[in-house]
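# Breakdown of the fold
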Amino acid sequence: MTMISEEHKKEKLGFEETELRLGLPGGGGIFNEDLVKNTNANGKRWYTETVDLKLNFALKETEKGENLQKEKSLISCSNDSVKPPPKAQVVGWPPVRSFRKNIMAVQKSSSEEGGGGAATFVKVSTDGAPYLRKVDLNMYKSYQDLYCALGKLFTMGKCDSQGMMDFMNESTLMDLLNGSDFVPTYEDKDGDWMLVGDVPWKMFVGSCKRLRIMKGTEAIGLAPRAMEKCKNRS
Amino acid sequence: MVYSFPEEVLEYVFAFLSSDKDRNAVSLVCKSWYEIERWCRRRVFIGNCYAVSPQIMIRRFPEVRAVKIKGKPHFADFNLVPERWGAYVYPWISAMARSYPWLEEIKLKRMVVTDESLELISKSFKNFKVLSLSSCEGFTTDGLSSIAANCRNLRELDLRESEVEDLSGHWLSHFPDNFTSLVSLNMSCLGSEVSFSALERLISRCPNLKTLWLNRAVPVEKLASLLRRAPQLVEFGTGACSTEIRTDIFSNLVEAFSGCKHLKSLSGFWDVVPAYLPAMYSVCSRITKLNLSYATVQSPDLVELISQCSNLKCLWVLDYIEDAGLKALSSYCKDLQELRVFPSDPYSAEPNVSLTEQGLVTVSAGCPKLQSVLYFCRQMSNAALIAIARNRPNLIRFRLCIIEPQAPDYLTLEPLDTGFGAIVEHCKELRRLSLSGLLTDRVFEYIGTHAKKLEMLSLAFAGDSDLGLHHVLSGCESLRKLEIRDCPFGDRALLANAAKLETMRSLWMSSCSVSYGACKLLGQKMPNLNVEVIDERGPPDSRPESISVEKLYVYRTVAGPRADKPDFVWTMDEDGALRFS
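Rules of the game
- The numbering scheme is per chain: residues are counted from 1 as the chain's sequence reads.
- Throughout, the order in which chains and ligands are written sets their labels, letters from A for the former and numbers from 1 for the latter.
- Selection of residues for local features in this predicted model requires a pLDDT of at least 70, selection of side-chain atom pairs for listing and counting requires 80 or more, and totals for whole chains, interfaces and linings are taken over all residues.
- The side-chain figures draw on all heavy atoms in the structure; neither hydrogens nor water molecules are used.
- Only protein chains enter the area calculation, which uses a 1.4 Å probe; residues under 20% of their type maximum are buried, those over 50% are exposed, and those in between are partly exposed.
- The secondary structure listing takes helices from DSSP runs of H or I that are at least 4 residues long and strands from runs of E that are at least 2 residues long, numbered from the N terminus.
- Contacts are assigned to residue pairs that have any heavy atoms within 4.5 Å of one another.
- The pLDDT score gives, residue by residue, the confidence of the prediction method on a 0 to 100 scale.
- What is meant by a nonpolar core is a set of buried Ala, Val, Leu, Ile, Met, Phe, Trp, Tyr and Cys residues, joined one to another through side-chain atoms within 4.5 Å.
- Only Phe, Tyr and Trp rings take part, Trp by its six-membered ring, and two of them pair if their centres are within 6.5 Å. Stacked means planes under 30 degrees apart, edge-to-face means over 60, and tilted covers everything else.
- A positively charged side chain is recorded as over a ring if its NZ (Lys) or CZ (Arg) lies within 6 Å of the ring centre. The angle to the ring normal must also be within 35 degrees.
- Axis definition: a line fitted to C-alpha atoms, over the contacting stretch in the case of helices. Angles run 0 to 180 degrees between N-to-C directions.
- Angles are sorted into four bins: roughly parallel if under 35 degrees, roughly antiparallel if over 145, roughly perpendicular if 65 to 115, and oblique for all others.
- Gly is placed with the polar residues, together with every amino acid not listed as nonpolar (Ala, Val, Leu, Ile, Met, Phe, Trp, Tyr, Cys and Pro) or charged (Asp, Glu, Lys and Arg).
- UniProt positions are given in the numbering used here, feature names are shortened, and annotations may be inferred rather than shown by experiment.
- Patch membership requires over 30% relative accessible area and the absence of a salt bridge. Like charges are linked within 9 Å, and nonpolar side chains (Val, Leu, Ile, Met, Phe, Trp, Tyr) within 5 Å.
- Shrake-Rupley sampling with a 1.4 Å probe provides the accessible areas, and residues are treated as covered by the protein chains on show and by no other component.
- We define a salt bridge as a contact between a side-chain nitrogen of Lys or Arg and a carboxyl oxygen of Asp or Glu at a distance within 4 Å.
- Only four residue types enter the tally: Lys and Arg on the positive side, Asp and Glu on the negative side; His and the chain ends are excluded.
- To locate a charge, take atom NZ for lysine, CZ for arginine, CG for aspartate or CD for glutamate.
- Each crossing gets its handedness from the near helix: less than a right angle anticlockwise from the far helix is left-handed, clockwise is right-handed.
- Strand pairing is defined by DSSP finding a minimum of two bridges between the two strands.
- Orient the strands so they point away from the viewer; a crossover is then right-handed if the path from the first strand over the helix to the second runs clockwise.

This part is about helix H6 (residues 115–124) of chain B. Regarding H6(B), the residues found buried are Ser117(B), Leu118(B), Ile121(B), Ser122(B) and Ser124(B). Buried positions along H6(B) lie against helix H5 (90–99), strand E3 (105–109), strand E4 (130–134), strand E5 (137–140) and helix H7 (141–150) of chain B.

Below is the structure:
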């Protein structure tokens, strides 16, 4: 038993483990209430270290208080935060089988307004705005409805609902793209960024994963691809 | 004078023993009983394919007709076991092909099955009847073609939750025209469309068909035709039910279902348009098992259906059911024994549905026979857990997944130790437990003290120190399987309880703090265990011994170290040296 108090003095794991006797099940007696806790075994910190390793984020960066915003996996960590990063994608957590994940992903993106599907919330980001918003595409019946709603969410001067409706007309779109106006784009099921307005509304709701209101100059390249994709689809 | 029954009489008596436990006990009585029993054992269950070799099994039991083998550890379901880890079935099939010509049944779980294996099965066993591949992978629909074409007496083909490389739906057409023995077909995991006319003909000519789980590709408008040909069905799984609702489709479906007087179990319902659900009302009162876990239908529609199922014993559903739906469940379904609630949107940080701990509390209060629970939710409290424990001391399986790791009691912000403590204290017959939320070593003290019948425990992001693990290993007398991820458990508890590991099937620890040195020591001291380090960073020798291993899988075995290890698995051997495969 003197071995144990020496261990307590050392207060570390390591080679002294090899000095332990192997205990029988249910007995032992090696452990008692004074056992020193692992120094690096604060449960919460442990978790963030694990997440850290898996996602290759340096813990130091987050401790500086920087908010690293990434498109897919958001990690917002502050020094005082007791909770681990809430939106980090940890391998195998929550414990959902892959065939269940796939089913739900497919069902989410193909939800129709035929009275049954869940709300289709998609994120809306606007270049220059610090916060994203969310809209439920099922609440709208047409592009016009959507533009009105987006116009209310983001006040952008010229880009009011009337201005956005002009995008449905191709020639006006090109005019505006030559300027510095805002252009609504979306990411579809395949991960491609598309111009809003090309496909029938229902098809759009079924394939839109997120919206981004881009600055006109950046959106120039999108228009030709959008046309191509529409052809391929039909 | 020694009186003893002739062998034939003993054999006749032993034939009434179906449980492995009883047969194992019988074989320990004396040498002659051991001999008689081993010649008449017909069913063998192998819980870990690496615990024993095919040769050992065949040597001891020469006349086996049915084998069930499990491969990868359970955490493989959640992608924690790397690809190419192992669990190949081919060596088993090849050995049995030589020694068990009369084999009738092969049931596999989490194993790698190749087309080659399937072809060998189809050609080696003349009386082959049952093939069940649960959560398996490695084969294509070509392998299924071999089975369909060659197994003339096939009764069951069950592919549940397997990952099949789907080359085409043509495999089903390989069942010969004179093939009529099918009793059970589960093809729900397949993607491709099979020839509908071939399916219709198959169903028509198999009068004993009791179980049919279709795949998603069979549209709802074709169901009526199939059901009319098989009104004797007991278990039925639809395909996708997303076709826009039409009166003729609906009324055909109503008529077809009303002809199915023996239906007890329903599943499928992918993308179901809620308006179709009433087509099933005529069978609801007989339904005992309902799997709605693919149906993204809202609570009111779910309640409409469930309220008709007064004899429901088992419900699998998405969290769209919400607390309100669970309240309805608890009032309509008094016979409920098993409830599984799956998350519709597991990766979103905010709740998308109104499902809380309250739903589970209500069901625990209203359903006196509830014994098995799997519940995903976003908040939990000690008060709720205590209430559940007091309401339902007859719980046997309790798996709770609070989606946010280390989430505390949302009311008090305390750990959930006392809540889970109440579960193990009140539910004395508890055999399986999965924990989640914020947990300290305290909960393990409760578990070690009270959970004496616990056989399987799953832990994630829990505990403070080795003391936690020590409580479990030293206290849980019936423990067979322990799987741990991301817990601060290390060398001390493991080494102090090394002998315990020989009484268990297996231990899995990943992202914990078990050092390579401790693994080596464990391997040295325990020759009856395979201590396997899984580490994709390269040989553990190339790092200091005190560095923690990525993953550790320890299991008892009589087959010695694995001969088929991939390059990221190392067995800690008796002589302390590393062995590579």
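Next comes the rest of the account.
Before going further, it helps to examine the confidence of the model for chain A. Residue and element names in this part refer to chain A. When the pLDDT values of chain A are averaged, the result is 58; 34% of them are 70 or greater. When the elements of chain A are averaged for pLDDT, helix H3 (residues 59–63) gives the smallest value, 39, and strand E4 (residues 193–195) the largest, 87. Residue range residues 1–86 is modelled with pLDDT below 50. Its contacts to residues more than four positions away, or to other chains, number 118 contacts.

Here we take up the nonpolar core. Grouped burial of nonpolar side chains is what soluble globular proteins tend to show. Counting 199 residues, the largest nonpolar core has Ile106(B), Leu315(B), Phe398(B), Ile447(B) and Leu482(B) as its most contacted members. Those residues in contact with Phe398(B) that sit more than four places away from it in its chain are Leu360(B), Val373(B), Leu385(B), Ile388(B), Phe420(B), Ile423(B), Leu430(B), Arg432(B), Leu433(B) and Ser434(B). In this structure, Val124(A), Tyr147(A), Ala149(A) and Val199(A) belong to the second largest nonpolar core, which totals 20 residues.

All right, on to helix H3 (residues 31–40) of chain B then. Within H3(B), burial applies to Ile36(B), Glu37(B), Arg38(B) and Cys40(B). In the core, the buried residues of H3(B) are packed alongside helix H1 (7–14), helix H2 (20–27) and helix H4 (54–60) of chain B.

Going through the model one piece at a time under the given rule, you end up with 22 aromatic pairs over all chains. Between Tyr12(B) and Phe16(B), the ring centres sit 5.4 Å apart and the planes meet at 85°, which makes this aromatic pair edge-to-face. Each member of the aromatic cluster is reached from another via a ring pair, and the members are Tyr143(A), Tyr147(A), Tyr186(A), Trp201(A) and Phe204(A). Above the plane of the ring of Trp316(B) lies Lys289(B), whose end atom (NZ or CZ) is 4.4 Å from the centre. It is Arg562(B) that lies over the ring of Trp85(B); its NZ or CZ is 4.7 Å from the centre.

What follows concerns the packing of helix H16 (residues 417–426) of chain B against helix H17 (residues 441–450) of chain B. Residue and element names in this part refer to chain B. Put simply, H16 and H17 touch, their axes get as near as 8 Å, and they point 5° apart. Relative to H17, the element H16 lies roughly parallel. Mapping the contact onto sequence places Asp 417, Thr 418, Phe 420, Gly 421, Val 424 and Glu 425 in H16 and Arg 442, Val 443, Tyr 446, Ile 447 and His 450 in H17. Classifying every residue of the contact of H16 with H17 by side-chain character gives five nonpolar, three polar and three charged.

Bringing the UniProt feature "domain: F-box" (unreviewed entry) in chain B into the picture now. UniProt records the feature "domain: F-box" (unreviewed entry) for residues 5–46 of chain B in the present numbering. Between the end C-alpha atoms of residues 5–46 of chain B there is a gap of 31 Å, over a span that is 62% helix and 10% strand.

Together, Phe5(B), Val9(B), Tyr12(B), Val13(B) and Phe16(B) make up a nonpolar patch on the protein surface, roughly 570 Å² of accessible area in all. Checked against the element boundaries, Tyr12(B) lands in helix H1.

Here we take up the pattern of salt bridges. Enumeration over the complete set of coordinates arrives at 30 salt bridges over all chains. One salt bridge in this structure joins Glu161(B) and Arg97(A), with 2.9 Å as the shortest N-O distance. Of this pair, Glu161(B) sits in the loop between strand E6 (156–158) and strand E7 (163–165) while Arg97(A) sits in the loop between H3 and helix H4 (98–109), each in a different chain. When its relative accessible area of 16% is taken as the criterion, Arg97(A) is described as buried. Among the charged side chains, a salt-bridge network with shared partners connects Arg97(A), Asp77(B), Arg110(B) and Glu161(B).

This paragraph deals with a positive patch on the surface. Together, Lys261(B), Lys264(B), Arg286(B) and Lys313(B) make up a region of like positive charge exposed at the surface. Residue Lys313(B) is classed as partly exposed on the basis of its relative accessible area of 35%.

Here we take up unusual backbone geometry. Cis geometry is adopted by the peptide bond preceding Pro94(A), which originates at Trp93(A) and carries an omega value of -5°. Tracing the backbone through its elements, the reader meets Pro94(A) in the loop between H3 and H4. Its identity as a non-glycine residue notwithstanding, Asn79(B) has a phi of 65°, on the positive side. By secondary structure assignment, the location of Asn79(B) is in the loop between strand E2 (66–70) and H5. Residue class for Asn79(B) comes out partly exposed when judged on its relative accessible area of 43%. At Glu161(B), a residue that is not glycine, the phi angle is positive and equals roughly 60°.

Let's shift gears to the environment of Ser506(B). Residue and element names in this part refer to chain B. For Ser 506, the position within the fold is in strand E20 (residues 506–510). The class of Ser 506 is buried, set by a relative accessible area of 10%. As for Ser 506 and Val 303, which are separated by 203 residues in sequence, their C-alpha atoms are 41 Å apart. Among all residues touching Ser 506, those that are not within four sequence positions of it are Arg 480, Lys 481, Leu 482, Tyr 553, Val 554 and Tyr 555.

Residue and element names in this part refer to chain B. Two numbers describe how helix H14 (residues 357–366) lies on helix H15 (residues 382–391): the axes approach to 8 Å, and their chain directions differ by 15°. The orientation of H14 with respect to H15, classified from their angle, is roughly parallel. In this structure, H14 crosses over H15, and the sense of that crossing is left-handed. Residues Glu 357, Leu 360, Val 361, Ser 364 and Ala 365 of H14 form the contact with H15, whose participating residues are Ala 384, Ala 387, Ile 388 and Asn 391. Here the contact of H14 with H15 is composed, by residue class, of six nonpolar, two polar and one charged.

Turning our attention to the pairing of strand E12 (residues 289–292) of chain B. Residue and element names in this part refer to chain B. In this structure, strand E11 (residues 265–267) lies alongside E12, joined through two bridges in parallel fashion. Its bridge partner lying in E12, Leu 266 is registered against Leu 290. Inspection of the sheet shows E12 paired to strand E13 (residues 314–318) by four bridges, in the parallel sense. Bridge pairing in E13 links Asn 291 to Trp 316. Read from E12 through helix H12 (residues 299–306) to E13, the crossover connection turns out right-handed.

Bringing the confidence of the model for chain B into the picture now. Detailed reading of the predicted model is not advised wherever pLDDT is low. The predicted model of chain B has a mean per-residue pLDDT of 95, with 98% of residues at 70 or higher. For this predicted complex, the interface confidence score (ipTM) comes to 0.90, while the overall pTM stands at 0.76.

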